[in-house]
Amino acid sequence: MPPKKKEEPVAKPILGRFKSNLKVGVVGLPNVGKSTLFNTISGCAIPAENFPFCTIDPNSARVNVPDDRFNWLCEVYKPKSAVPAFLEVTDIAGLIKGAADGEGLGNAFLSHIQAVDGIFHVVRAFDDPNVVHVEDRVDPVEDLEIIHNELRLKDLERCRAEKDRLSKVRQPGNKTEHKDAVEACDAVLEWLEAGKDVRHNDDWTIKQIEWLNGVQFISAKPVVYLVNMSERDYQRKKNKWLPKVHAWIQEYAPGSPMIPFSGALEQTLADMPEDEQKVYCKENEVSSALDKIIKTGFSSVKLIQFMTAGPDEVKCWQIREGSKAPQAAGAIHTDFERGFICAEVMHFDELKELGSESAVKAAGKYRQEGKGYTVLDGDVIFFKFNVTAAKKK
Ligand code: GDP
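So, how was this worked out
Residues numbered from 1 in each chain as written. Predicted model: local features only at pLDDT ≥ 70, side-chain atom pairs only at ≥ 80, totals over all residues. Heavy atoms only, no water. Near = heavy atom within 4 Å. Polar contact = N/O pair within 3.5 Å; in protein donor to acceptor, adjacent residues only side chain to side chain. Areas by Shrake-Rupley, 256 points an atom, 1.4 Å probe, with all protein chains shown as cover. Helix = DSSP H or I, 4+ residues; strand = E, 2+ residues; numbered from the N terminus. Nonpolar A, V, L, I, M, F, W, Y, C, P; charged D, E, K, R; others polar. Phe/Tyr/Trp six-rings, centres within 6.5 Å; stacked < 30°, edge-to-face > 60°. Lys NZ or Arg CZ within 6 Å of the ring centre and 35° of its normal. Buried < 20%, exposed > 50% of the residue type's maximum accessible area, 1.4 Å probe, protein only. Salt bridge = Lys/Arg side-chain N within 4 Å of Asp/Glu carboxyl O. pLDDT = per-residue confidence, 0-100. Contact = heavy atoms within 4.5 Å. Pairing = 2+ DSSP bridges.

1. Considerations on the site of the ligand
As a structural note, the neighbourhood of the ligand is formed by 17 residues, with Asn31, Lys34, Ser35, Thr36 and Asp128 the closest of them. One nitrogen or oxygen atom from the main chain of asparagine 31 is found 2.7 Å from an oxygen atom belonging to the ligand. Glycine 33 places a main-chain nitrogen or oxygen 3.1 Å from an oxygen atom of the ligand. Protein contacts shield 85% of the accessible area of the ligand, which totals 580 Å² for the unbound molecule. Counting only elements with at least two residues in the shell around the ligand, the list comes to α1 (34-42) and α9 (263-270). Looking at the shell around the ligand, the element that brings in the most residues is α1, giving three residues. Residue composition of the shell around the ligand, by class: eight nonpolar, six polar and three charged.

2. Comments concerning the packing of aromatic side chains
A full pass over the atoms with the stated rule returns nine aromatic pairs. For the cation-ring pair, lysine 361 lies above tyrosine 366, with the distance from its terminal atom to the ring centre recorded as 4.6 Å.

3. Considering helix α11 (residues 290-300)
Of the positions making up α11, those classed as buried are Leu290, Ile293, Ile294, Thr296, Gly297, Phe298 and Ser300. Phi turns positive, to about 65 degrees, at lysine 302, one or two residues after α11.

4. Some remarks on the pattern of salt bridges
If you walk through the whole model with that rule in mind, you get 18 salt bridges. Arginine 62 serves as the salt-bridge partner of glutamate 88, at 3.8 Å between the closest nitrogen and oxygen. Linking glutamate 88 in strand β4 (residues 86-94) with arginine 62 in strand β2 (residues 59-64), this pair joins segments that are 26 residues apart in sequence. Residue glutamate 88 is classed as buried on the basis of its relative accessible area of 12%.

5. Things to note about the confidence of the model for the protein chain
Mean pLDDT over the protein chain stands at 86; residues scoring 70 or higher make up 86%. Counted against residues more than four places away or in other chains, residues 44-57, with its pLDDT under 50, gives 36 contacts.

6. Quick look at the pairing of strand β6 (residues 223-228)
By the criterion of burial, β6 is predominantly enclosed, with six of the six residues buried. Side chains Val223, Tyr225 and Val227 of β6 all project onto a buried face; the interleaved residues Val224, Leu226 and Asn228 project onto the opposite face, where all are buried too. Looking at chain direction, strand β5 (residues 118-124) and β6 are connected through six bridges and run parallel. Its bridge partner lying in β6, isoleucine 119 is registered against valine 223. In this sheet, strand β7 (residues 258-261) lies alongside β6 in parallel orientation, the contact comprising four bridges. Paired with leucine 226 across the strands is isoleucine 259, a residue of β7.

Structure below.
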């Protein structure tokens, strides 16, 4: 008798939506520099004035994700068309204290946050008497607390509503599913009531994660903390609030990245032609933080890139970490997923090291991978598929 096939352990799903087009929303109190950041990131001109509610509707922009590997592939293949990966960034406008109870434009903003997959949380660490602070003082740590609290309150409200809804179901269509949902909801409610964020628990079970991913709590979303400081502070890498913000993150959001930037500098650079930007950066010994912000936002929502490369086109495709080869093929076209035969894969690092596709092949490092292959960040892939395959019913 052949040996029994070992069952593969089931991989735990990750929190969040499993799709390749994910959005990161810019969140923070009014007048901390969100619109300035969004405008400079997207290069699109929405108003950024000294007025707390100038961005009422969320504004979205798709921004290119800077990547040296993409640049290298373009140099080598000299393709007719070149397309980098993108990240969708949304400007969500000012939350204020009491937003969870509908203060300001609170509830609308909170629902916009619900719709994104990750958060750029901007705090203000710059003094400027000309820019009103909504709480009449500059204190980014307290600002962090305010926003954090509003978001958690919203989740609590949501979780209680879910519990209420589940308790009213008299005859569930599927009893096991209903029982799992009730158990998950109770566990999450207990967690939130203890003042903790959903994302700060590595022990959620598969069933709990499945339930969480159906509901999409705000505190489950990854956060990148962006500290907006004066150009001078940014240049000298010193600001009195920075250590305090860092300590707060260590305590309440361990593992979340913190990136200092200067809205004023980004605005100055955005207003200059590229050659002047270079001169300015060199003279003042500064560099823009935008590339780092975009890249960090991209990886924080668990997106990775794979590439397709040839003389016609070099393209980076974004997919969720953990995607299998057919799902990655599906990012290109649904037919590719449906008619998936195999993926011919080389890793970018090997391609760069060996210099060409033929050298990778000669070194025996060009692989054929099947349906079960988990695509890695930096894989360069050629998919084989059969488009005539009929859709499975
Ligand atoms: P939002 O309400 O958070 O979207 O804030 P805005 O981006 O509209 O910025 C509010 C005001 O602060 C605007 O007048 C900006 O020009 C100004 N601002 C943004 N970043 C900085 C900065 O780093 N330093 C200074 N001094 N002003 C800034």
